[in-house]
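# Structural features, examined
Each chain, written out:
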Amino acid sequence: MSQQIIADLNARYTAKKYDPSKRISANDMAIIKEALRLSASSINSQPWKFVVLESDEAKQRFHNTFVNKHQFNQPHAKEASHTILLAYDPKFTKEKYSKRVDAEVRSGHLPAERYDAFMGAYAFAEANTDAQGFNGGWTKAQVYLALGNLLHVLARLGIASTPMEGVDAELIGKEFAPELDGHVCEVALAMGYHKQGEDYNHGLPKARLLAEDVLAVV
Ligand SMILES: Cc1cc2nc3c(=O)[nH]c(=O)nc-3n(C[C@H](O)[C@H](O)[C@H](O)COP(=O)(O)O)c2cc1C
């Protein structure tokens, strides 16, 4: 076991107060965005959209979406260096999937003659699609894989973060309609550097169940 991995995962935590004067470097932002793009998903569906809020204007727009609820998360909108809206496609169609299979062939990952066989994997999406074409339960699960990937990447970069299910999906949907392009954001991730002495969650021990409670090795 690499102790560095465990040390990084123990060091990462959910930040509760950001230092607005500290910004994530452009180099680290490039790593974060590429890591997101490289996230794995079932049948390589990639049924997501990630909206990176970087400008003051974008942060203000996000701030505005807390007018009705979850105000405890609102300060992060302006104080964190960046926030990423992680959004799922509620209706991931076979046609959309074919674009992913096109990329499979274009990249050299999939031989062209196996195109149809690969398209058959859409059955996994179909099995999770209701009569109205909604498969957001399944696509949202894929988005959470990207979130988990991101949390680990940030741990390794030594950047603090706050996963937020405490967001107003409806207002975000309205405010960021052009960027979301039909995708639904029910979770966001604030990122940056904690405010020294003002983040009550910083430096506390990890609180997790015991290994024997969650792990079975047989
Ligand atoms: C999907 C998800 C949603 C969360 N939503 C919020 C939130 O809205 N606000 C918040 O302060 N923390 C939120 N958290 C943080 C969790 O409470 C935290 O990850 C958990 O207590 C473990 O602590 P740690 O992240 O410091 O290790 C969320 C975490 C996850 C994974």
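Structure shown above.
What counts and how
Residues numbered from 1 in each chain as written. Predicted model: local features only at pLDDT ≥ 70, side-chain atom pairs only at ≥ 80, totals over all residues. Heavy atoms only, no water. Helix = DSSP H or I, 4+ residues; strand = E, 2+ residues; numbered from the N terminus. Rg over C-alpha atoms; globule rule 2.2 N^0.38 Å. Contact = heavy atoms within 4.5 Å. Areas by Shrake-Rupley, 256 points an atom, 1.4 Å probe, with all protein chains shown as cover. Lys, Arg positive; Asp, Glu negative; His and termini not counted. Charge placed at Lys NZ, Arg CZ, Asp CG, Glu CD. Buried < 20%, exposed > 50% of the residue type's maximum accessible area, 1.4 Å probe, protein only. Core = buried A, V, L, I, M, F, W, Y, C linked by side-chain atoms within 4.5 Å. Polar contact = N/O pair within 3.5 Å; in protein donor to acceptor, adjacent residues only side chain to side chain.

## Concerning the overall build of the protein chain
A tally of helices and strands in the protein chain yields 11 helices and four strands. Taking 2.2 N^0.38 as the reference for a compact globule, 218 residues should give roughly 17 Å; the C-alpha atoms of the protein chain span a radius of gyration of 19 Å, in line with that estimate. Taken along its principal axes, the extent of the C-alpha atoms in the protein chain is 60 × 50 × 35 Å. Long-range contacts, defined here as pairs at least 24 residues apart, represent 80% of the contacts in the protein chain between residues at least 6 apart. A total of about 12100 Å² of accessible surface is found on the protein chain, and carbon and sulfur atoms cover 54% of it. Averaging the coordinates of the 25 positive side-chain charges in the protein chain and doing the same for the 27 negative ones gives two points 2 Å apart.

## Quick notes on unusual backbone geometry
The phi dihedral of N44 is positive, around 55°, even though this residue is not glycine. The topology assignment puts N44 in the loop between α2 (26-37) and β1 (48-53). With a relative accessible area of 27%, N44 lands in the partly exposed category. Positive phi is not limited to glycine here, since Q46 has a value of about 45°. Mapped onto the elements, Q46 comes out in the loop between α2 and β1. You can call Q46 partly exposed: its relative accessible area is 24%.

## Side note on the nonpolar core
Burial of nonpolar side chains together is a common tendency in soluble globular proteins. In this structure, L53, F62, L85, V167, I172, F176 and L180 are the most contacted members of the largest nonpolar core, which totals 21 residues. Mapped onto this core, the elements with two or more residues apiece are β1, α3 (56-64), β2 (82-88), β3 (160-164) and β4 (184-192). By residue number, the principal contributor to this core is β4, which donates three residues. Apart from residues lying up to four places away in sequence, L180 is in contact with K49, V51, A87, I172, G173 and C185. In terms of nonpolar packing, the next biggest core, distinct from the first, is built from 19 residues, I24, Y88, L147 and I159 among them.

## Considerations on the side chain of R61
Position of R61 relative to the elements: it lies in helix α3. Within the structure, R61 has its side chain in polar contact with the backbone oxygen of E175 (distance 2.8 Å). In terms of polar contacts, R61 uses its side chain to reach the side chain of E179, at 3.0 Å. Residues within four places of R61 in sequence aside, it is in contact with E175, F176 and E179.

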